[in-house]
Amino acid sequence: MITIDCRDVEAVKNELVVYVSDQLAAVPSLKLHEFILSPINESETIDQNKVITSIKEFLDSIGESQNFAVISRGNAISITSVSGKPIERAQKPTGQMFSCAHCGHVTPYEVVHNMHMRIHYL
């Protein structure tokens with residue numbers, strides 16, 4: 001499990017989560033200012049170097065790679081602004097998201113979430 005602190009890139013956190021988790025085939029769990037990546041199979045581990053590379057690729061794709069440093073400390077990774085200025089972009093209204101505590105499935109629809117949760121208890 002790897003924790004990624006996104007305080008300085010809060011405006012693009014949702015896009016970053018999707019990009020990194022797709023690149024690594026990992027299960028993301030969203031928190032207020034960070035997200036956690038867990039391996040799909042509990043017997044596997046996530047390569048921290050691949051996480052860092054993926055974050056840097058994402059920052060490069062949005063033209064922000066020169067403005068942010070990706071710092072690793074144990075099982076935590078911080079994305080820190082070099083100048084002290086965070087990314088400021090108009091966030092798209094995301095509404096409420098529902099996340100499965102068992103597997104990380106995320107949906108904006110409560111009905112879909114409730115049906116998904118029932119699958120875990122069959």
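Use the structure listed above.
Being a predicted model, the structure only gives us computed values, none of them experimental.

Draft legend 1. Molecular detail of the overall build of the protein. Along the backbone of the protein there are three helices and seven strands. In the protein, the order of α-helices and β-strands from amino to carboxyl end is β-α-β-β-α-β-β-β-β-α. Against the 2.2 N^0.38 benchmark of 14 Å for 122 residues, the protein shows a C-alpha radius of gyration of 15 Å, consistent with a compact globule. Each principal axis of the C-alpha atoms in the protein carries an extent, and together these give about 50 × 35 × 20 Å. Put simply, 47% of the contacts in the protein that link residues at least 6 apart link residues at least 24 apart. Here the protein holds 10 positive side-chain charges and 14 negative ones, and the gap between their average locations is 3 Å.

Draft legend 2. Examining the pattern of salt bridges more closely. Tallied over the entire structure, the rule returns two salt bridges. Across the salt bridge formed by Asp5 and Arg7, the nearest N and O atoms sit 3.6 Å from each other. For Glu10, the salt bridge goes to Lys13, with nearest N and O atoms at 3.6 Å. Here Lys13 falls in the buried class, since its relative accessible area comes to 7%.

Parameters and conventions
Residues numbered from 1 in each chain as written. Predicted model: local features only at pLDDT ≥ 70, side-chain atom pairs only at ≥ 80, totals over all residues. Heavy atoms only, no water. Helix = DSSP H or I, 4+ residues; strand = E, 2+ residues; numbered from the N terminus. Rg over C-alpha atoms; globule rule 2.2 N^0.38 Å. Contact = heavy atoms within 4.5 Å. Lys, Arg positive; Asp, Glu negative; His and termini not counted. Charge placed at Lys NZ, Arg CZ, Asp CG, Glu CD. Salt bridge = Lys/Arg side-chain N within 4 Å of Asp/Glu carboxyl O. Buried < 20%, exposed > 50% of the residue type's maximum accessible area, 1.4 Å probe, protein only.

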